[in-house]
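Report on the structure
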Amino acid sequence: MITVLHNSRCSKSREALKYLEDNKIPFTVENIIENPPSPEVLKSVLKKLGMRAEDLLRKNEKYYKEQLKGKPLSEDNLLEEMSAHPNLIQRPVLINGDRAVIGRPAENIQEIL
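Some thoughts on the environment of Gln90
When you line up the elements, Gln90 lands in the loop between α5 (75-84) and β3 (93-96). Of the residues examined, Gln90 reaches a relative accessible area of 14% and is grouped as buried. Beyond its immediate chain neighbours, meaning those up to four positions away, Gln90 contacts Asp55, Leu56, Leu57, Arg58, Ile102 and Arg104. A distance of 2.9 Å separates a polar atom in the side chain of Gln90 from a polar atom in the side chain of Arg104.

Remarks on the nonpolar core
For soluble globular proteins, the rule of thumb is that nonpolar side chains tend to be buried together. Core analysis: the biggest nonpolar cluster contains 20 residues, and Leu49, Leu56, Met82 and Val93 have the highest contact counts within it. Among the elements of the structure, α2 (39-49), α3 (53-56), α4 (62-68), α5, β3 and β4 (99-102) are those that each provide at least two residues to this core. The element contributing the most residues to this core is α2, with 4 residues. Contact partners of Leu56, with chain neighbours within four places excluded, come to Leu42, Leu46, Leu49, Met82, Leu88, Ile89, Gln90, Val93 and Ile102. In this structure, Ile2, Ala16, Leu17 and Ala106 belong to the second largest nonpolar core, which totals 12 residues.

Here's the deal with unusual backbone geometry
Note the cis peptide between Arg91 and Pro92, where omega equals -5°. Mapped onto the elements of the fold, Pro92 is located in the loop between α5 and β3. With an omega of 0°, the peptide bond running from Arg104 to Pro105 counts as cis. Of note, Pro105 is situated in the segment after β4. Its identity as a non-glycine residue notwithstanding, Lys24 has a phi of 55°, on the positive side. With a relative accessible area of 73%, Lys24 lands in the exposed category.

Comments concerning the sheet that holds strand β1 (residues 2-6)
Spatial strand order, β2-β1-β3-β4: 4 strands in an open sheet with mixed pairing. The sheet is open, and its two edges are formed by β2 (27-31) and β4, each paired on a single side. Put simply, the sheet's adjacent strands are angled 20° from each other on average, direction ignored. As defined by bridge partners, β1 adjoins β2 across 5 bridges and the pair is classed as parallel. Within the sheet, the bridge partner assigned to Leu5 lies in β2 and is Glu30. Packing against the sheet, helix α1 (residues 11-22) makes contact with β1, β2 and β3, and its axis sits at approximately 160° to β1. α2 contacts β1, β3 and β4 of the sheet and is inclined by roughly 90° relative to β4.

How each quantity is defined
- Residues numbered from 1 in each chain as written.
- Predicted model: local features only at pLDDT ≥ 70, side-chain atom pairs only at ≥ 80, totals over all residues.
- Heavy atoms only, no water.
- Helix = DSSP H or I, 4+ residues; strand = E, 2+ residues; numbered from the N terminus.
- Buried < 20%, exposed > 50% of the residue type's maximum accessible area, 1.4 Å probe, protein only.
- Contact = heavy atoms within 4.5 Å.
- Polar contact = N/O pair within 3.5 Å; in protein donor to acceptor, adjacent residues only side chain to side chain.
- Core = buried A, V, L, I, M, F, W, Y, C linked by side-chain atoms within 4.5 Å.
- Pairing = 2+ DSSP bridges.
- Axes fitted to C-alpha atoms, helices over the stretch in contact; angles between N-to-C directions.

Structure representation (structure tokens):
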């Protein structure tokens, strides 16, 4: 079953859920705003994505621009920041077993089915 790391305020995240529903693909939702993933969970997700923390970071967010931009942050520092401020996490992230994809555009979901 697919797990979706979701932000209900994000239109792309809602599009991914609609894509799954329309294609009758079973899934579960984890709202990253209400229940932010721990740094350990994020590290696991990054491994499945084949990315570094910086690649999963939303650099257009106000918090990033005001608090993090230009600072030398380690991988662990970035994971801690994304856990503490889940708006910094690219979304939606869809996980299927040991693989994951950022579901933007929604067609990317096909890569993990």
